[in-house]
Amino acid sequence: MKHLRTVVVGLGRIGWQFHLPQIDSHEGYLLSGVVDPLSDRLAEAADKFGVAAFPDLPSCLRQVLPDLVVLASPTPLHAEQAEMAFAAGCDVFTDKPMAPDLATADRMIAAAQHHGRRLTVYQPERGSREVVCLQSILAQGLIGDVYMIKHTRTQYTRREDWQAWRRHGGGMLNNYGAHLLDACLHVAGGKAEKITCHLRAIATLGDADDVVKVVIETQNGILLDIDINMASAQPMLPRWHILGSHGSLQLDDEAHAWRARWFDPAELPPLTVQQGLAATARRYGSGEKFPWQEATFPVSEVQEVDYYGRSHGYFTGTGEAVVALAESRELMRVLDACRTDAGGSVARTEDGSTR
Ligand SMILES: NC(=O)c1ccc[n+]([C@@H]2O[C@H](COP(=O)([O-])OP(=O)(O)OC[C@H]3O[C@@H](n4cnc5c(N)ncnc54)[C@H](O)[C@@H]3O)[C@@H](O)[C@H]2O)c1
């Protein structure tokens, strides 16, 4: 197996908690360098992983000569760092969102093409256990044709880091939106056609959105109804609700399982539609009893996608990327279209006032 000499840029939350341990535990990767301007984080990484540590990417690229550069740095740095990596002959695995906007993402894609290098984005929610489990339930066709997917992520938090600011590519549309929109589009299996979006800054201490409402109609006619709300005192539950023509699926977070409720249309008793303008017997509804069936599908019975395992094939030219670059670009297009539709609806300005 080829061992990819790998450098991690950014030793913050996702770099430290996900990328480093994954690289360290996967056989096909050789952790060869880390980059961060914070010297205490470099020392911590050198101590824990025995790896060469650098305060900036250019000096790392000069000395380490990696095959792969993993970008876990703040989003607005991804494009410039990816371009440096490509120019040095490396492939790039960047965390989501790949860039603050579509134009910058396109710059990264063009640079990868120009240098003949590989580029892929870490968009993990579609490979999570709950989504893998959902896909296997949908494949059974129990609930009929899916016409609506509702997905939420809620919390109450006063955002105070770089993600609180628009100038840093922050905001929850970019941050959690890159997860929820990607997962919903993946489950729907159709391109986003009509896109509406509302953005608000409510509890954040910055100026970027922390309340996001997106409604998308896909080319295959499915409505995606997405709420990302960081100013919600109580959760909007269930986090997932998939509605089909004769049933629905809800994620039960306490049971860590999907709950299905559906009926078989072949088992419905005959019912004649009325033609006149007087409801028969002044009745509300037909009074019919549906032959509902119920089942529970534990999420723990499926495996999440092994992102680093699968990506090794992509970076060594023997397999596909977990998420095709065209799909990551499409996600960036949808995020841009959301911002365009929302217009100037983020309500707080940088000096803390609202408008
Ligand atoms: N896929 C996920 O589930 C997930 C989760 C969290 C964050 N992210 C993404 O990962 C990226 C990093 O987010 P985070 O939450 O880990 O941020 P963070 O603030 O926790 O960490 C950022 C790190 O980058 C370092 N850094 C700053 N400037 C740098 C530079 N010029 N070169 C190298 N390193 C530099 C900082 O010192 C810090 O250690 C963002 O794009 C974010 O959207 C993805």
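Residues numbered from 1 in each chain as written. Predicted model: local features only at pLDDT ≥ 70, side-chain atom pairs only at ≥ 80, totals over all residues.

## Details of the overall build of the chain
A count of helical and extended segments in the chain gives 10 helices and 14 strands. Overall, the C-alpha framework of the chain stretches about 85 × 55 × 40 Å when taken along its three principal axes. Here the chain holds 355 residues, and the buried ones make up 40% of them. A sequence separation of at least 24 residues applies to 72% of the contacts in the chain between residues at least 6 apart. (Helix = DSSP H or I, 4+ residues; strand = E, 2+ residues; numbered from the N terminus. Buried ≥ 20, exposed ≤ 12 C-beta atoms within 10 Å, placed from the backbone. Contact = placed C-beta atoms within 7 Å.)

## Side note on the sheet that holds strand 11 (residues 240–244)
Spatially, the eight strands line up as an open sheet ordered 8-9-10-7-11-12-13-14, and their pairing is mixed. What marks the edges here is a single partner per strand, and that holds for strand 8 (192–200) and strand 14 (293–298). Mean inter-strand twist for the sheet, computed between neighbouring axes without regard to direction, equals 10°. Note: strand 11 against strand 12 (residues 247–252), four bridges, orientation antiparallel. From the neighbouring strand, Gly244 faces strand 12, where its bridge partner is Gly247. With respect to the sheet, helix 6 (residues 129–138) is in contact with strand 7 (146–154), strand 11, strand 12, strand 13 (257–262) and strand 14, its orientation differing from that of strand 13 by roughly 25°. Across the sheet, helix 10 (residues 325–342) lies against strand 8 and strand 9 (211–218), angled at about 55° from strand 8, the strand it touches most. (Pairing = 2+ DSSP bridges. Axes fitted to C-alpha atoms, helices over the stretch in contact; angles between N-to-C directions.)

## What about the packing of helix 8 (residues 177–188) against helix 10?
At a minimum axis separation of 10 Å, helix 8 and helix 10 run at an interaxial angle of 115°. Between helix 8 and helix 10, the angle is such that the two are roughly perpendicular. Crossing hand, helix 8 versus helix 10: right-handed. On helix 10, the residues that touch Gly177, Ala178, Leu181 and Asp182 of helix 8 are Leu331, Val334 and Leu335. A class-by-class count of the residues in the contact of helix 8 with helix 10 yields five nonpolar, one polar and one charged. (Parallel < 35°, antiparallel > 145°, perpendicular 65-115°, else oblique. Left-handed = near helix turned anticlockwise from the far one by under 90°. Nonpolar A, V, L, I, M, F, W, Y, C, P; charged D, E, K, R; others polar.)

## Quick notes on the site of the ligand
In the region of the ligand, 23 residues are neighbours, and Gly10, Gly12, Arg13, Ile14 and Asp95 sit closest. Here the shell around the ligand gets three residues from one element, more than from any other, and that element is helix 1 (residues 13–25). Taken together, the residues of the shell around the ligand sort by class into 11 nonpolar, six polar and six charged. (Near = placed C-beta within 6 Å.)

## Overview of the domain arrangement of the chain
Per the domain assignment, the segments making up the chain are domain 1 (4–122) and domain 2 (126–303). For domain 1 versus domain 2, the separation of C-alpha centres amounts to 34 Å. Facing the six residues of domain 1 at the interface are five residues of domain 2. The class makeup of the residues in the side of domain 1 that touches domain 2 is four nonpolar, one polar and one charged. (Domains from an automatic or database assignment.)

## Description of unusual backbone geometry
Cis geometry marks the peptide bond from Lys96 to Pro97, where omega comes out at -20°. Relative to the helices and strands, Pro97 resides in the loop between strand 5 (91–95) and helix 5 (102–115). In the segment running from Leu237 into Pro238, the intervening peptide bond is cis, with an omega of -5°. Within the element layout of this structure, Pro238 appears in the loop between strand 10 (223–229) and strand 11. In this model, Leu65 sits at a positive phi of 50°, which is unusual for a non-glycine residue. Along the chain, Leu65 turns up in the loop between helix 3 (57–64) and strand 4 (68–71).

## What to know about the sheet that holds strand 6 (residues 119–122)
The six strands are arranged 3-2-1-4-5-6 in an open sheet whose pairing can be described as parallel. Lying at the two open borders of the sheet, with one neighbouring strand each, are strand 3 (53–54) and strand 6.

## Quick look at the pairing of strand 13
Strand residues, when the strand is regular, have side chains that alternate between the two faces of the sheet. Only one face of strand 13 is covered, namely the face carrying Trp258, Ala260 and Trp262; the face carrying Ala257, Arg259 and Arg261 is uncovered. As paired elements, strand 12 and strand 13 share six bridges and run antiparallel to each other. In the strand pairing of strand 13, Leu249 is matched with Ala260. Hairpin connection between strand 12 and strand 13: a loop of four residues separates the two successive antiparallel strands, and His256 in this loop has a positive phi of roughly 50°.

## Some remarks on helix 10
Note that an α-helix has 3.6 residues per turn; residues three or four places apart therefore point the same way. Here helix 10 contains 18 residues, and its C-alpha end-to-end distance of 26 Å stays within 8% of the 26 Å for a straight helix at 1.5 Å per residue. Among the structural elements, helix 5, strand 6, helix 7 (172–175), helix 8, strand 8 and strand 9 are those in contact with the buried residues of helix 10. A positive backbone phi angle near 55° is found at Gly343, which sits one or two residues after helix 10. (Expected span 1.5 Å × (residues − 1).)

## Overview of helix 8
The end-to-end C-alpha separation of helix 8 is 16 Å, in line with the 16 Å expected for 12 residues at 1.5 Å each. Among all positions in helix 8, only Gly177, Ala178, His179, Leu180, Leu181, Asp182, Ala183, Cys184, Leu185, Val187 and Ala188 are buried. Positive phi appears at Gly189, one or two residues downstream of helix 8, with a value of about 70°.

## Looking at the pairing of strand 9
Two strands pair when backbone bridges link them, and strand 8 and strand 9 are joined in this way by eight bridges, in the antiparallel orientation. Counterpart to His198 in the pairing with strand 9 is Lys213. In sequence, strand 9 turns back onto strand 10 through a hairpin of four residues, with Gly221 there showing a positive phi of about 80°.

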